[in-house]
Amino acid sequence: MRLALVIILILLAAVMLIPLGVYASYADGSFTLSAHAWFYKLVLYPPKEKKPKPEFEEPTEADAENEEKPKKNFSPGFTLNDWLELAKVALKALRRFKNGVYFDLIRLMAVISAPDPYDAVMRYNAVNGFVGSVIPFFESEFRVKEKDIYIGLDMNGGKSKASFELSASVRVGTILTLGVAAGFGFLKILIKNRIRRIRERVARNGEQQTERNDAVNDEQHKGSC
């Protein structure tokens with residue numbers, strides 16, 4: 001029994017130490033994530049499309065129900081500050097395992113804009129300040145082979161644009177640990193975001209109800225006169 005347990009622990013440790021290549025990119029609203037070990041490559045996102053069924057097969061009741069149900073798209077509804085906070089959580093976790101991560105490429109291109117020029121400047125300062133603090137962090141804590149960072153400001157664009165590309169080598173154990181840490185951070189920020197939105201909705205409904213009551217009181221006052 002003990003020998004079997006020792007063998008399992010050795011195998012588990014060996015799996016955790018397997019180096020993986022990780023590649024992630026984002027551009028024009030399209031995100032891709034893949035990993036490869038030796039000659040094997042696994043596309044993690046986007047998922048593979050399901051093959052269409054042959055035409056001669058009659059649809060089942062389950063297929064009909066799935067077609068009727070609208071597909072739900074999950075959106076966390078994060079603000080820019082929420083995303084920056086989540087990135088800080090991931091970087092904090094990443095720092096603990098700096099010896100297990102090697103970055104081949106870090107590329108970030110962003111043009112910050114907003115309908116209101118004041119909002120555009122505020123967003124630019126927030127993003128530029130965050131990136132300005134992250135770059136020295138990567139340069140001092142990790143081995144980075146190539147990096148290309150550009151943050152621009154567009155006062156007339158109305159909408160921000162961003163793209164990034166990242167290629168790294170990391171061990172399986174590091175990925176699992178980082179995933180757990182980032183997952184807890186994501187849930188914490190998600191819950192805080194939901195609570196804030198509920199409070200805003202309650203406050204907005206309260207204001208609307210107060211306006212209705214004032215209007216009714218005015219009408220009653222006019223009628224009594």
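What you see is a predicted model, and the numbers here were worked out from it, not measured in a lab.

What follows deals with the overall build of the protein chain. Counting its regular elements, the protein chain contains 5 helices and 7 strands. Tracing the protein chain from N to C terminus, the helices and strands come up as α-β-β-β-α-α-β-α-β-β-β-α. Within the protein chain, buried positions represent 22% of all 225 residues. For the protein chain, contacts bridging at least 24 residues in sequence account for 77% of all contacts bridging at least 6.

This part is about the environment of Arg 107. Note that Arg 107 resides in strand S4 (residues 101–112). Owing to a relative accessible area of 26%, Arg 107 belongs among the partly exposed residues under this scheme. Separated by 39 residues in the primary sequence, Arg 107 and Glu 146 place their C-alpha atoms 8.2 Å from one another. Other than its neighbours up to four places away in sequence, Arg 107 contacts Glu 146, Asp 148, Ser 163, Phe 164 and Glu 165.

In a soluble, globular protein the nonpolar side chains are often hidden away together inside. Core analysis: the biggest nonpolar cluster contains 20 residues, and Phe 103, Phe 138 and Ile 151 have the highest contact counts within it. Of all the secondary structure elements, the ones that give two or more residues to this core are helix H3 (80–95), S4, helix H4 (117–141) and strand S7 (161–171). The contact partners of Ile 151, leaving out residues within four places of it in the chain, are Leu 108, Ala 110, Ile 112, Tyr 124, Val 127, Asn 128 and Val 131.

Before going further, it helps to examine the packing of aromatic side chains. Applying the stated criterion across every chain, the model contains 3 aromatic pairs. Ring centres of Tyr 26 and Phe 164 lie 6.4 Å apart, and the angle between their planes is 15°; this geometry places the pair in the stacked category. Here Phe 164 lies in strand S7 and Tyr 26 lies in strand S1 (residues 19–27), a separation of 138 residues in the sequence. Residue class for Tyr 26 comes out partly exposed when judged on its relative accessible area of 32%. Among the aromatic residues, those joined into a cluster by ring pairs are Tyr 26, Phe 31, Tyr 45 and Phe 164.

Further remarks concern the environment of Gly 185. Residue position: Gly 185 is located in helix H5 (residues 172–224). Among the residues examined, Gly 185 registers a relative accessible area of 8% and is labelled buried. Between the alpha carbons of Gly 185 and Ala 90 there is a distance of 7.8 Å; along the sequence they are 95 residues apart. Once residues within four sequence positions are removed from consideration, Gly 185 is found in contact with Leu 86 and Val 89.

Attention now moves to the side chain of Ser 113. For Ser 113, the position within the fold is in the loop between S4 and H4. Side-chain polar atoms of Ser 113 contact the backbone oxygen of Asp 154, separated by 2.8 Å. Look past the residues within four positions of Ser 113 in its chain and what remains in contact with it is Ala 120, Arg 123, Asp 154, Asn 156, Gly 157, Gly 158, Lys 159 and Ser 160.

Within the protein chain, residue pLDDT values average 76, and 75% of them lie at 70 or more. Put simply, helix H2 (residues 61–68) is where the protein chain has its lowest mean pLDDT, 54, and strand S6 (residues 147–153) is where it has its highest, 91.

Enumeration according to the criterion identifies 3 salt bridges in this entry. Put simply, Arg 107 and Glu 146 hold a salt bridge, and the shortest N to O gap is 3.7 Å. Remark: Glu 146 occurs in the loop between strand S5 (143–144) and S6 and Arg 107 occurs in strand S4; sequence separation between them is 39 residues. One salt bridge connects Glu 165 with Arg 107, and the closest N-O pair in it is separated by 2.7 Å. Of the two residues, Glu 165 is situated in strand S7 and Arg 107 in strand S4; the sequence distance between them amounts to 58 residues. For Glu 165, a relative accessible area of 22% translates into the label partly exposed.

About the criteria used
- Residues numbered from 1 in each chain as written.
- Predicted model: local features only at pLDDT ≥ 70, side-chain atom pairs only at ≥ 80, totals over all residues.
- Heavy atoms only, no water.
- Helix = DSSP H or I, 4+ residues; strand = E, 2+ residues; numbered from the N terminus.
- Buried < 20%, exposed > 50% of the residue type's maximum accessible area, 1.4 Å probe, protein only.
- Contact = heavy atoms within 4.5 Å.
- Core = buried A, V, L, I, M, F, W, Y, C linked by side-chain atoms within 4.5 Å.
- Phe/Tyr/Trp six-rings, centres within 6.5 Å; stacked < 30°, edge-to-face > 60°.
- Polar contact = N/O pair within 3.5 Å; in protein donor to acceptor, adjacent residues only side chain to side chain.
- pLDDT = per-residue confidence, 0-100.
- Salt bridge = Lys/Arg side-chain N within 4 Å of Asp/Glu carboxyl O.

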